[in-house]
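Notes for the structure review
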There are 2 protein chains.
Amino acid sequence: MEQKAHRYCVIMCGGIGSRFWPFSRARLPKQFIDFLGTGRTLLQMTFDRVRDIIPVENIIIITNERYTELVAEQLPDIDASQILAEPARRNTAPCIAWATAHIAARDPEASMMVCPSDHMITREKEFERNVLKGFEFVETHDALLTLGISPTRPETGYGYIQVGEPVAENINKVKTFTEKPNLELAQIFLNSGEFFWNSGMFLWSARSIREALKEYVPDIAGVFFGCEASTFLDPESERKFIAEAFPGCMSISIDYSVMEKAQNVYVETVDIGWNDLGTWGALYDLSPKNSERNVTQNCNVLSYNCAGTIFAVRGDKLIVADGLNDYIVADADGVLLICPKAREQKIKQMLTDATVKFGDKYE
Amino acid sequence: MEQKAHRYCVIMCGGIGSRFWPFSRARLPKQFIDFLGTGRTLLQMTFDRVRDIIPVENIIIITNERYTELVAEQLPDIDASQILAEPARRNTAPCIAWATAHIAARDPEASMMVCPSDHMITREKEFERNVLKGFEFVETHDALLTLGISPTRPETGYGYIQVGEPVAENINKVKTFTEKPNLELAQIFLNSGEFFWNSGMFLWSARSIREALKEYVPDIAGVFFGCEASTFLDPESERKFIAEAFPGCMSISIDYSVMEKAQNVYVETVDIGWNDLGTWGALYDLSPKNSERNVTQNCNVLSYNCAGTIFAVRGDKLIVADGLNDYIVADADGVLLICPKAREQKIKQMLTDATVKFGDKYE
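Because the structure is a prediction, the values reported are computed rather than measured.

What follows is about helix α4 (residues 124-140) of chain A. Compared with an ideal rise of 1.5 Å per residue, which puts 17 residues at 24 Å, α4(A) spans 24 Å between its outermost C-alpha atoms and is within 8% of the ideal. For α4(A), the set of buried residues is A:Glu126, A:Phe127, A:Asn130, A:Val131, A:Lys133, A:Gly134, A:Phe135, A:Phe137 and A:Val138.

The subject of this paragraph is the state of the cysteines. Residue and element names in this part refer to chain A. Taken as a whole and judged by the stated rule, the model has 0 disulfides over all chains. Sulfur of Cys-95: no disulfide; nearest cysteine sulfur belongs to Cys-13 and is 9.2 Å away. Considering cysteine sulfurs only, Cys-306 is the nearest to Cys-299, which forms no disulfide, with 12 Å between them. Residue classification places Cys-299 among the buried positions, given a relative accessible area of 12%.

Bringing the packing of helix α6 (residues 206-216) of chain A against helix α7 (residues 218-225) of chain A into the picture now. Residues and elements named next belong to chain A. The interhelical angle for the contact between α6 and α7, taken along N-to-C directions, is 130 degrees, at an axis separation of 6 Å. Judged by the inter-axis angle, α6 sits oblique to α7. Together, Arg-210, Leu-213, Lys-214, Glu-215 and Tyr-216 of α6 and Pro-218, Ala-221 and Phe-225 of α7 make up the contact between the two elements. Considered class by class, the residues forming the contact of α6 with α7 number 5 nonpolar, no polar and 3 charged.

Here we take up the packing of aromatic side chains. What describes a pair of aromatic rings is the distance from one ring centre to the other and the angle between the planes of the rings. Counting across every chain of the model gives 32 aromatic pairs over all chains. Here the aromatic rings of A:Tyr160 and A:Phe189 are separated by 5.2 Å at their centres, their planes lie at 55 degrees, and the arrangement is tilted. Pair noted here: A:Tyr160 is in strand β7 (residues 159-168) and A:Phe189 is in helix α5 (residues 183-192), with a separation of 29 residues, a long-range link. On the basis of relative accessible area, A:Tyr160 is assigned to the buried category, the value being 0%. Taking 5.2 Å as the distance between ring centres and 10 degrees as the angle between the ring planes, the aromatic pair formed by B:Phe202 and B:Trp204 counts as stacked. B:Phe202 gets classed as buried once you look at its relative accessible area, which sits at 2%. Members of the aromatic cluster, connected to one another through ring pairs, are A:Phe20, A:Phe23, A:Phe35 and A:Trp280. The side chain of A:Lys261 reaches across the aromatic face of A:Tyr256, ending 4.6 Å from its centre.

Right, let's talk about the environment of B:Pro181 for a bit. All names here are of chain B. Examined against the element boundaries, Pro-181 turns out to sit in the loop between β8 (171-179) and α5 (183-192). Residue classification places Pro-181 among the buried positions, given a relative accessible area of 5%. Expressed as a C-alpha distance, the spacing of Pro-181 and Leu-43, which sit 138 residues apart in the sequence, is 29 Å. Every residue in contact with Pro-181, bar those within four places of it in the chain, is listed here: Glu-155, Thr-156, Tyr-158, Tyr-160, Ala-186 and Phe-189.

Within a sheet, neighbouring strands are paired by backbone hydrogen bonds and run either parallel or antiparallel to one another. Spatial strand order, β12(A)-β14(A)-β16(A)-β17(A)-β15(B)-β13(B): 6 strands in an open sheet with mixed pairing. The sheet terminates laterally at β12 (295-297) of chain A together with β13 (300-304) of chain B, the two strands that pair on one side only. Taking each pair of neighbouring strands and ignoring which way they run, the sheet shows an average axis angle of 5 degrees. In this structure, strand β17 (residues 335-340) of chain A lies alongside strand β15 (residues 318-322) of chain B, joined through 4 bridges in parallel fashion. In the strand pairing of β15(B), A:Ile338 is matched with B:Ala321. The sheet strands contacting helix α11 (residues 347-358) of chain A are β16 (327-332) and β17 of chain A together with β13 and β15 of chain B, and the helix crosses β13(B) at an angle near 140 degrees.

This paragraph deals with the sheet that holds strand β14 (residues 310-313) of chain B. If you walk across this open sheet you meet the 6 strands as β13(A)-β15(A)-β17(B)-β16(B)-β14(B)-β12(B), and the pairing is mixed. Of all strands in the sheet, those with a lone pairing partner are β13 (300-304) of chain A together with β12 (295-297) of chain B, marking the two edges. Averaged over all pairs of adjacent strands, the angle between their axes in this sheet comes to 5 degrees, without regard to strand direction. Pairing of β12(B) with β14(B) involves 3 bridges; the strand directions are parallel. Bridging from a neighbouring strand, B:Gln297 pairs with B:Ala312 of β14(B).

Turning next to the environment of B:Leu70. Residue and element names in this part refer to chain B. You can see Leu-70 is positioned in helix α2 (residues 68-74). Judged by its relative accessible area of 18%, Leu-70 is buried. Spatially, the C-alpha atoms of Leu-70 and Leu-233 are 24 Å apart, while their sequence positions differ by 163 residues. Aside from chain neighbours lying at most four places away, what touches Leu-70 is Arg-27, Leu-28 and Phe-32.

Residue and element names in this part refer to chain A. Under the criterion given, the structure shown has 36 salt bridges over all chains. For Arg-19, the salt bridge identified is with Asp-276, shortest N-O distance 4.0 Å. Taken together, the positions of Arg-19 in the loop between β1 (7-12) and α1 (42-51) and Asp-276 in the loop between β11 (274-275) and α10 (280-286) put the pair 257 residues apart, joining distant regions of the chain. Relative accessible area serves as the criterion here: at 25%, Arg-19 is assigned to the partly exposed category. Among the residues examined, Asp-276 registers a relative accessible area of 9% and is labelled buried. Residue Asp-333 is joined to Arg-27 by a salt bridge in which the shortest nitrogen-to-oxygen separation is 3.7 Å.

Chain A puts 33 residues into the contact, and the matching count from chain B is 33 residues. Of the roughly 2800 Å² buried between chain A and chain B, counting both surfaces, carbon and sulfur atoms make up 57%. Summed over the shared surface of chain A and chain B, the number is 4 salt bridges. The shortest N-O distance in the salt bridge between B:Lys317 and A:Asp331 comes to 2.6 Å.

Mapping chain A onto chain B calls for a screw motion: a turn of 178 degrees about the axis and a shift of 0.1 Å along it, with 0.2 Å RMSD after fitting. Accordingly, the operation relating the two chain copies is best matched by a two-fold axis. In this assembly the copies share their binding face: 100% of the residues contributing to the interface of chain A also contribute to that of chain B.

Take the pairing of strand β3 (residues 83-86) of chain A next. All names here are of chain A. As paired strands, strand β2 (residues 59-64) and β3 are joined by 4 bridges and run parallel to one another. What sits directly across from Ile-61, in β3, is Ile-83. You can see the chain leave β2, run along helix α2 (residues 68-74) and come back into β3, and the turn it takes is right-handed.

Here we come to α7(A). Here α7(A) has its buried residues at A:Ile220, A:Ala221, A:Phe224 and A:Phe225. Projected down its long axis, α7(A) shows its buried positions confined to an angular sector of 105 degrees, all on one face.

Another aspect to go through is the pairing of strand β15 (residues 318-322) of chain A. Counting buried positions along β15(A) yields 5 of 5 residues, so the element is predominantly enclosed. Side chains A:Leu318, A:Val320 and A:Asp322 project from β15(A) onto one buried face, and the interleaved A:Ile319 and A:Ala321 project onto a second face that is buried too.

Parameters at a glance
- Along each chain, the written sequence defines residue order, and numbers are assigned to residues from 1.
- Written order decides the labels, with chains lettered from A and ligands numbered from 1.
- Where totals are concerned, whole chains, interfaces and linings use all residues; where local detail is concerned, this predicted model gives features only for residues with pLDDT of at least 70, and gives and counts side-chain atom pairs only at 80 or more.
- Remark: hydrogens and water are excluded; side-chain values derive from all non-hydrogen atoms of the structure.
- The numbering of helices and of strands both runs from the N terminus, where a helix is a DSSP run of H or I of at least 4 residues and a strand a run of E of at least 2.
- For a helix, the expected span equals 1.5 Å multiplied by the residue count minus one.
- Each residue is placed in one exposure class: buried if its accessible area under a 1.4 Å probe, protein chains only, is under 20% of its type's maximum, exposed if it is over 50%, and partly exposed if it falls in between.
- Criterion for a disulfide: a pair of cysteine sulfur atoms within 2.5 Å.
- Inter-axis angles, ranging from 0 to 180 degrees, are taken between N-to-C directions of lines fitted to C-alpha atoms, where helices are fitted over the stretch in contact.
- Working definition: roughly parallel below 35 degrees, roughly antiparallel above 145 degrees, roughly perpendicular at 65 to 115 degrees, and oblique for all remaining angles.
- The contact rule is simple, with two residues in contact once any of their heavy atoms fall within 4.5 Å.
- Three residue categories are used. Nonpolar comprises Ala, Val, Leu, Ile, Met, Phe, Trp, Tyr, Cys and Pro, charged comprises Asp, Glu, Lys and Arg, and polar comprises the others, including Gly.
- Planes of paired rings set the category: under 30 degrees apart is stacked, over 60 is edge-to-face and the rest tilted, where pairs are Phe, Tyr or Trp rings (Trp by its six-membered ring) whose centres lie within 6.5 Å.
- Charge-over-ring contacts are defined here by two conditions on Lys NZ or Arg CZ: a distance within 6 Å of the ring centre and an angle within 35 degrees of the ring normal.
- Two strands form a pair only when DSSP identifies at least two bridges running between them.
- A carboxyl oxygen of Asp or Glu within 4 Å of a side-chain nitrogen of Lys or Arg is what we treat as a salt bridge.
- Two parts placed together each lose some accessible area under a 1.4 Å probe, and adding up what both lose gives the buried area.
- Least squares is the method for superposing the copies, and the C-alpha atoms it fits come from residues with pLDDT of at least 70 in both.
- We call a crossover right-handed when, viewed with the strands running away from us, the connection from the first strand over the helix to the second turns clockwise.
- Directions pointing from the helix axis toward each C-beta atom define the arc.

Below is the structure:
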């Protein structure tokens, strides 16, 4: 068995993309949408990127059970057995623990890439080159490797990784993690050249991540690594086990529970044309702009005295706007959002407020 | 035949309400909408008001031919013969000339009230009392009588009437007409106590308005009063005549062509809770407001840092808005308008721009 056959990819696509509400909705989150108007959804683009690196049968999609059919429809080349359906939302640590147990039961020598399904990467060849180098590193070191992106602006919505001593070309020991710094700190990070954005893409061997989970989140590790490996080989026994055990796991991210605590964490610094498409501002930044710096997505716009505004509408609609500077105007499926770009971090709270006030119909 | 039997009402409802775009649309103008959420459209409310004063069979609805069916549906108590269908838009002078000829052919002794179909009047008893007094006046004087409203603010969108010598209780000779003054002038008018808003509601005898039309717009009068009266008694001959003659009339308002020129013009000053519902600002002013002075029409709104804004949406939609002060947010049938209230006089131009750029689909 050549090395490539031991390589796996776990694509996580159970999120609801609430910061992109109302475009991203609980019943159709943004990873399932042709977000960039390319004819492929973000999940499909993610799959296309990794299928050149990883054998298709080794690509695992882990999602919420309500999206299982969507995944199967959008990725006809994978088998139903490659879709892991979470019965509850428990953040990334339980998700990764399950995927690791599932893969290790089939291949104890496995190495894995774990990645989100809703990011944009424009430099695919560079991505491929970096991922292959990362696989080689984690296959020869007991290492938890994260991909770090050179920051281009003092973004306050991301996590930052400070690099320590170099251990290989573009691979360094991680010195510190800092989640969502304030603007002043973000500017210092940017100027220093020592800090990189945490992309949320990880590489490790199944063995290394299992040991790290056992050490730092023993409760979760106990659930997935305390039972017979054969549990994960039979779809029916796996389904029953997960239905019972998964909802009882605590909800915690892999960053907070493992990456910020483990001693064997490394960062591979990459330049792959990455954008997490995490916010309207991110989409605005990467979109073509007209002479007033307005961005128009899928709609007809007549704008007067508007600048720096993004107009995004699902459906054949006309927007007539006067006097909006640096706003987000988004309209989809019964929800219209008009919000200054500077307050986009509040959108998640607005969705919560809407749900509290009007129930889940606008979710 | 008692006097009441000679009284007629002409309700004009051929307009498209473009200043209320996108709520008011070419295919369903605002007079056909339950605009105030009362369960009755503005046309129906107008009809309800006059049917207590005028015999139902004497109420004439004059509209554009594309709205004939809408009128028939909304006013099932009138006969099809009471609906006059204009084959072209020619403003109010040709409209009134035709209605006068139509009525005079049936009753040369007729007196008439002419009124728009899309105004709000809250004090119905006072309206009735004033209209009856007005009928008595025009039945005993060769007079063109207009209803004047006491101004409550320096509105620049209305026409103003300056009163001259009194001739009866609350009835005065008209001294001057001033269309849409600037703010400074409007404030002077308001302070003087001598100026009243032109409501667009008129009373006169068929004979008086016919003579005035003959004198001041002989071209139009020649069309409608130069043919046999019997033309207007048979629906089929009337239809044929109008199809041929009406489009050739010049497009001109009764105010400009007759009221501002004639010597026998009088104003009855009334206090009837009137609002012309002519603009979003007018609707805002009369609507109940929340603690941030926002107005919500037919929609769910979550507002943050918004004040003095009107949210109006057709359909079950959620609006989430942040940072809009003194705006209009209106969404209906594929058009979303976001516009400062202070620029509402531009809405008509925006509709024109939309039509030039995208054709008539958003009209």
